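A closer look at the structure
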Amino acid sequence: MKMNISFRKYAKYYDLIYKDKDYQKEVDFIENVFKTICKPKTILEVGCGTGSYTKILLKKGYDVTAVDISDNMLKIAREKCAGKFLKGDIRTVSINNKFDACIAMFAVMGYITKNSDIINVLNNIRRHLKPNGLFIFDIWNGLGVMKILPEQRIKKVENDKIKIIRFAVPNLRTFDHICEINYKLLILNKKNNMYTEINEKHIVRFYFPQEVVHYLKDAGFEILNICPFLDLNGKVDENVWSMCVIARLGGEKE
């Protein structure tokens with residue numbers, strides 16, 4: 001699920017583009033978080049995309065309900081594993097169940113770009129968590145973004161049928177805490193040597209640590225840890241691009 005894009009064309013190539021992403025390592029990290037607090041039985045996964053996290057979590061025995069706004073991403077996810085996949089907008093989706101934990105991985109919360117939407121998402125997740133339920137998510141760290149700065153990148157991937165060259169051109173809007181990333185994909189069909197071009201814009205919000213604390217506390221969450229992504233014992237500073245936020249549902253909001 002990405003709030004401001006639909007992945008109509010990009011979805012088809014998503015898993016190939018991110019074939020080098022170590023989903024297993026990231027799920028192991030999530031499990032390490034669970035071990036330090038309590039191991040949940042039921043997990044709500046928001047912005048599940050093509051179901052790569054879902055598949056691993058299901059194999060580990062968790063009861064996962066996964067939500068995404070993109071029909072195309074969900075189609076791939078359902079082909080990948082037999083999970084409970086629901087179409088929905090995480091600002092408003094209503095599931096007749098409460099969960100032990102909620103996860104939003106691969107910068108899903110970064111696609112929530114408006115202040116009002118952040119509030120709506122956090123309140124909606126709160127409604128779907130049991131008392132003391134955990135909320136784990138990774139986001140871009142504004143401290144790191146402002147120091148390191150996003151840069152143009154080219155990525156090349158291929159399989160036996162196609163070759164993809166992806167160009168990423170960022171446009172930083174610092175006042176809005178936004179980075180627009182303009183993607184151009186050139187897809188070469190190896191059979192006929194023909195190219196297809198896809199252009200897509202992603203709008204990603206970056207967050208500053210105390211901003212995150214403010215939003216979560218207002219929504220009734222207790223902050224357990226804000227750390228570099230995949231490093232529970234690390235410190236978030238201007239040299240860290242991606243940070244992980246671990247929060248627990250508190251009592252009723254005042």
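Our subject is the structure that appears above.
Residues numbered from 1 in each chain as written. Predicted model: local features only at pLDDT ≥ 70, side-chain atom pairs only at ≥ 80, totals over all residues. Heavy atoms only, no water.

1. Notes on the side chain of Glu 180
If you trace the backbone, Glu 180 turns up in strand β8 (residues 178–189). Given a relative accessible area of 13%, Glu 180 falls into the buried group. Reaching out from Glu 180, the side chain makes a polar contact with the side chain of Arg 173 at a distance of 2.6 Å. Among residues more than four places away in sequence, those in contact with Glu 180 are Val 169, Pro 170, Asn 171, Arg 173, Lys 201, His 202 and Ile 203. (Helix = DSSP H or I, 4+ residues; strand = E, 2+ residues; numbered from the N terminus. Buried < 20%, exposed > 50% of the residue type's maximum accessible area, 1.4 Å probe, protein only. Polar contact = N/O pair within 3.5 Å; in protein donor to acceptor, adjacent residues only side chain to side chain. Contact = heavy atoms within 4.5 Å.)

2. Things to note about unusual backbone geometry
For Asn 132, which is not glycine, the phi dihedral falls at a positive 65 degrees. Judged by its relative accessible area of 51%, Asn 132 is exposed. The backbone of Asn 193 sits at a positive phi, close to 65 degrees, despite the residue not being glycine. Along the chain, the position of Asn 193 falls in the loop between β8 and β9 (194–207).

3. Comments concerning the pattern of salt bridges
Within the structure shown, the criterion is met by 19 salt bridges. Across the salt bridge formed by Glu 26 and Lys 21, the nearest N and O atoms sit 2.6 Å from each other. The exposure class assigned to Lys 21 is buried, which follows from its relative accessible area of 19%. Residue Arg 91 is joined to Asp 89 by a salt bridge in which the shortest nitrogen-to-oxygen separation is 2.5 Å. (Salt bridge = Lys/Arg side-chain N within 4 Å of Asp/Glu carboxyl O.)

4. Quick notes on helix α3 (residues 52–59)
Buried residues of α3: Ser 52, Tyr 53, Thr 54, Ile 56 and Leu 57, and no others. Two residues or fewer after α3 comes Gly 61, characterised by a positive phi angle close to 100 degrees.

5. Side note on the nonpolar core
Judged by nonpolar contacts, the single largest core of 45 residues is most densely connected at Ile 17, Phe 34, Ile 136, Trp 140, Ile 164 and Leu 185. Of all the elements, helix α2 (residues 23–37) adds the most residues to this core, at six residues. Non-local contacts of Ile 164, meaning those with residues more than four positions away in its chain, are made with Tyr 13, Leu 16, Ile 17, Lys 155, Lys 156, Val 157, Leu 185, Leu 186 and Ile 187. One finds Val 121, Ile 125, Leu 216 and Phe 221 within the second-largest nonpolar core, a separate group that totals 33 residues. (Core = buried A, V, L, I, M, F, W, Y, C linked by side-chain atoms within 4.5 Å.)

6. Looking at the pairing of β8
Regular strands place their side chains on alternate faces of the sheet. Note that strand β7 (residues 162–173) and β8 share twelve bridges and pair antiparallel. Bridging across to β8, Pro 170 finds its partner in Ile 181. In textbook terms, the turn of a hairpin is the stretch between consecutive antiparallel strands, and for β7 and β8 this stretch comprises four residues, one of which, His 177, has a positive phi near 60 degrees. Bridging between β8 and β9 involves twelve bridges; their strand directions are antiparallel. Among the inter-strand pairings, Tyr 183 is bridged to a residue of β9, identified as Glu 200. (Pairing = 2+ DSSP bridges.)

7. Description of the packing of aromatic side chains
Inspection of the entire model under this criterion finds twelve aromatic pairs. Through a chain of ring-to-ring contacts, the aromatic side chains of Tyr 10, Tyr 14, Tyr 18, Phe 106 and Tyr 183 assemble into a single cluster. Across the ring face of Phe 106, the terminal group of Lys 21 is positioned such that the distance to the ring centre comes to 3.8 Å. When the ring centre of Tyr 207 is taken as origin, the NZ or CZ atom of Arg 205, which lies over that ring, is 5.3 Å away. (Phe/Tyr/Trp six-rings, centres within 6.5 Å; stacked < 30°, edge-to-face > 60°. Lys NZ or Arg CZ within 6 Å of the ring centre and 35° of its normal.)

8. Here's the deal with the packing of α2 against α3
At their nearest, the axes of α2 and α3 sit 10 Å apart, and the two run at 60 degrees to each other. As summarised for this structure, α2 and α3 are arranged oblique, according to the angle between their axes. Regarding α2 and α3, the two cross each other, and that crossing is right-handed. For the pair α2 and α3, the contacting residues are Tyr 23, Gln 24, Glu 26 and Val 27 in the first and Ser 52, Tyr 53, Ile 56 and Leu 57 in the second. Looking at side-chain class alone, the contact of α2 with α3 contains five nonpolar, two polar and one charged residues. (Axes fitted to C-alpha atoms, helices over the stretch in contact; angles between N-to-C directions. Parallel < 35°, antiparallel > 145°, perpendicular 65-115°, else oblique. Left-handed = near helix turned anticlockwise from the far one by under 90°. Nonpolar A, V, L, I, M, F, W, Y, C, P; charged D, E, K, R; others polar.)

9. Thoughts on helix α4 (residues 71–80)
Of the residues making up α4, those classed as buried are Met 73, Leu 74 and Ala 77. Buried residues along α4 cover an arc of 95 degrees about the axis, so they all sit on one side. Those residues of α4 that are exposed and aimed more than 90 degrees away from the buried face are Lys 75 and Glu 79. Looking at the buried side of α4, the elements it contacts are α1 (14–17), β2 (63–68) and β3 (84–87). (Arc of directions from axis to C-beta.)

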